[in-house]
Structure formats: structure tokens, C-alpha cells
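Now for the letters of each chain:
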Amino acid sequence: MTGKLTLLILSLAICFCTGCAVNPITGEEELMFISENQDIEIGRKYAPEIEKQLGGRIDNPDLQNYIDSIGQKIARISHRPNWEYHFTAVEHKMVNAIALPGGHIFVTKGMLEKLTTEAQLAALLAHETVHVTARHSSAAISRQMGLSFLFLGATAAGANIPQDAGRAAAFALQLIGLKYSRVQERQADVAGMDYMVVAGYNPYGAVELMQMLEDQDKVKPAEFLSSHPSPENRIIYLNARIQTRYDSSEGLRIGKNAYRSAVLNRLSKDPIEISPLDHLNN
Ligand SMILES: [Zn+2]
């Protein structure tokens, strides 16, 4: 490595090194090389590219408003209620959800078609919201993208969008493929359940979400199944948390018919008719 290159890396590293940050979920200090402002900048600048790579947003404003309204309910009671959150449904067929630093959360059509209740959707969005509030993506970027972040991401956090569209696309792909650690996934599962319950949703939606993901033996969501812990373990500890903390989930929302009419019927060529009375039943 030439002296000049070393100097460049060092100066970039100093730029990006903001030392430690407190994880609001655990209350503990963690090493963090990306500032909160850079989180927001990365999200803002790369969300359009990532949306494009995920097939573009689903062209249905009512469906988008529904997804966003549930996401916003969760975001407002989260550990970072003042950040700006965007919850977007995208056309991609894979079963997945993606959280960018700074509050841009995407859920794929493939995933939406697999869910059956609003509580399951709330569980999914709450899980992704924890990845944002605990800044898991920023930690994953530091760990997995390393120098490529320093070179490519430098422009993301600075004043200019990369001139080279190919490099921007490559950076966006890396963001989509970020993997969280086992500890981070467990934090997102457990704190996500707390978020959804505070927002008024039945916590069994989280268990059902994990069961659905476990049944996905062919389509492995990059976000959920490629990382540890295994879905079976997640079902066990989520059920245990319900027993110890949310034993009485009576009155908490499930929203089966609401989800059918707001999402499934809008995605389906053969919508199932729901009478207004059905909405009163859950
Ligand atoms: Zn996750």
C-alpha cells in the first residue's frame, strides 16, 4: 500500500470515526464509526437507488398509506421517535424486508403476500424499526463493508452523490445484502415485540411471522433466515416473552380482515369480498 493511499484511508477513517454510541435498546456503549447524521444521509441518498433495485414502489397509494400508517405508529413509540421514517412497499417477489440507516424501511410484495394479519405486518415493521433505532445497519456497514464504505460511502455522507452510477448501484446492492449478527437479530425480535405491543398489536403476530418464515424452505429471506438464530429458537424465545410479559394480550389488535382488504385484496387479481361487519370481529 502506498504512503499516499494509507494517508487517505487514515484521514477518511478519522472523518468517520465518531467513537462510541449508546445503543438505546441495551443502554450500553458500542463502538460506532458512523455518526447519526451520516445514518440519515446514507438513507436519504441511497433509498431511491434501493427502491429501484427492489422493483420500484408498488403503484397503489392506498396500500402505501396503510403500510406507512402502521409503521409510523410503531416509529412514534420507538426509542427514536423524532427521526423521519419512511415505510415503503416494493414490487420485488422475494420474501424480504430491508432497513436502511436513518429510517428507510422497505417491505417486498413477496413478503406482503405471505402475511395474513395486520399484527404480523406490525411485527415485521417493528423488527425493522429496531434495526434502525439500535443502528444495527450502521454497525453492519462498519463491519462488513469496511474500506469499500470508506471509499464509496464517503460520497454518500458527503456533499455529492457518486458521479459513477455503477458504483452507486454496487453500494446500494451491498446495503441490500447486509447481514445482522445473531445478537442484533435477537434484539430486533425482542424489542420489536415490545414496540408492537405498545403500539397496540397482539404479540402472537411476531410468533406467526417467524412460523411463516420457518415454512419458507425455498425462498430464504436475506434479512431473516440467512442469519442466526434459527427460526425455531426465535419462536421459543418469543413465546417465552409473551408468557412472562404479555400474558394478557386481550384486546390487542390482530386485524385479519383489515389486512385482507388493505393489502391482500389490493395485490390480488381475485379479491375476497369482506363485509363491513367482518371488520368488527378482530
Ligand atoms: Zn432482522
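As a reminder, the structure under discussion sits directly above these lines.
Reading the values: the criteria
Residues numbered from 1 in each chain as written. Predicted model: local features only at pLDDT ≥ 70, side-chain atom pairs only at ≥ 80, totals over all residues. Heavy atoms only, no water. Helix = DSSP H or I, 4+ residues; strand = E, 2+ residues; numbered from the N terminus. Expected span 1.5 Å × (residues − 1). Buried < 20%, exposed > 50% of the residue type's maximum accessible area, 1.4 Å probe, protein only. Contact = heavy atoms within 4.5 Å. Pairing = 2+ DSSP bridges. Bend = angle between axes of the 7 residues up to and from the residue. Axes fitted to C-alpha atoms, helices over the stretch in contact; angles between N-to-C directions. Parallel < 35°, antiparallel > 145°, perpendicular 65-115°, else oblique. Left-handed = near helix turned anticlockwise from the far one by under 90°. Nonpolar A, V, L, I, M, F, W, Y, C, P; charged D, E, K, R; others polar.

## Concerning helix α3 (residues 61–76)
What sets the pattern is the α-helix's 3.6 residues per turn: residues three or four places apart point alike.
Next up, step 1: Helix length check: α3 (16 residues) gives 22 Å between terminal C-alpha atoms against 22 Å at 1.5 Å per residue, within 8%.
Next up, step 2: Burial in α3 covers these residues: L63, Q64, Y66, I67, I70, G71, Q72, I74 and A75.
Next up, step 3: Buried residues belonging to α3 abut β3 (86–90), β5 (104–108), α4 (109–114), α5 (118–133), α8 (182–198) and α11 (256–267).

## Remarks on the pairing of β3
Note on strand geometry: in a regular strand, side chains alternate between the two faces of the sheet.
Next up, step 1: Judged by how many residues are buried, β3 sits mostly within the fold: four of five residues are covered.
Next up, step 2: Where β3 lies against β5, five bridges are found, and the strand directions are parallel. Across the sheet, the residue bridging to H86 is H104, located in β5.

## Points about the environment of K256
Next up, step 1: Note that K256 resides in helix α11.
Next up, step 2: The exposure class of K256 is partly exposed, given its relative accessible area of 49%.
Next up, step 3: C-alpha of K256 to C-alpha of T116: the two residues are 140 residues apart in sequence and 6.3 Å apart in space.

## Re helix α2 (residues 36–53)
Next up, step 1: Over its 18 residues, α2 runs 25 Å from end to end, which matches the ideal 26 Å to within 8%, given 1.5 Å per residue.
Next up, step 2: In the structure, α2 departs most strongly from a straight axis at Y46, where the bend amounts to approximately 45° and where the proline P48 lies between one and four residues downstream.
Next up, step 3: Residues of α2 that are buried: Q38, D39, E41, I42, G43, K45, Y46, A47, E49, I50 and E51.
Next up, step 4: Remark: G55 follows α2 within two positions and exhibits a positive phi of approximately 90°.

## Brief notes about the side chain of T88
Next up, step 1: Structurally, T88 is set in strand β3.
Next up, step 2: Those residues in contact with T88 that sit more than four places away from it in its chain are E51, R57, Q64, I105, F106 and V107.

## So, the sheet that holds strand β4 (residues 97–100)
Next up, step 1: In space, the three strands of this open sheet follow the order β3-β5-β4, with mixed pairing throughout. Every interior strand has two partners, whereas the edge strands, β3 and β4, have only one. Neighbouring strand axes in the sheet, compared pairwise and without regard to direction, differ in orientation by 15° on average.
Next up, step 2: The strands that α2 touches are β3, β4 and β5; relative to β5, the one it contacts most, it runs at about 15°.

## Thoughts on the environment of I40
Next up, step 1: Note on placement: I40 falls in helix α2.
Next up, step 2: For I40, the contacting residues outside a window of four places in its chain are W83 and G102.

## A word on the packing of α5 against α8
Next up, step 1: Between α5 and α8, the shortest axis-to-axis distance is 7 Å and the interhelical angle comes to 125°. As far as their axial angle goes, α8 and α5 are oblique. In this structure, α5 crosses over α8, and the sense of that crossing is right-handed. On α8, the residues that touch A119, A122, A123, A126, H127, T129, V130, H131 and T133 of α5 are Q184, E185, Q187, A188, D189, A191, G192, Y195 and M196.
Next up, step 2: Considering only residue class, the contact of α5 with α8 consists of nine nonpolar, seven polar and two charged.

Read these as geometric descriptors, not functional statements.
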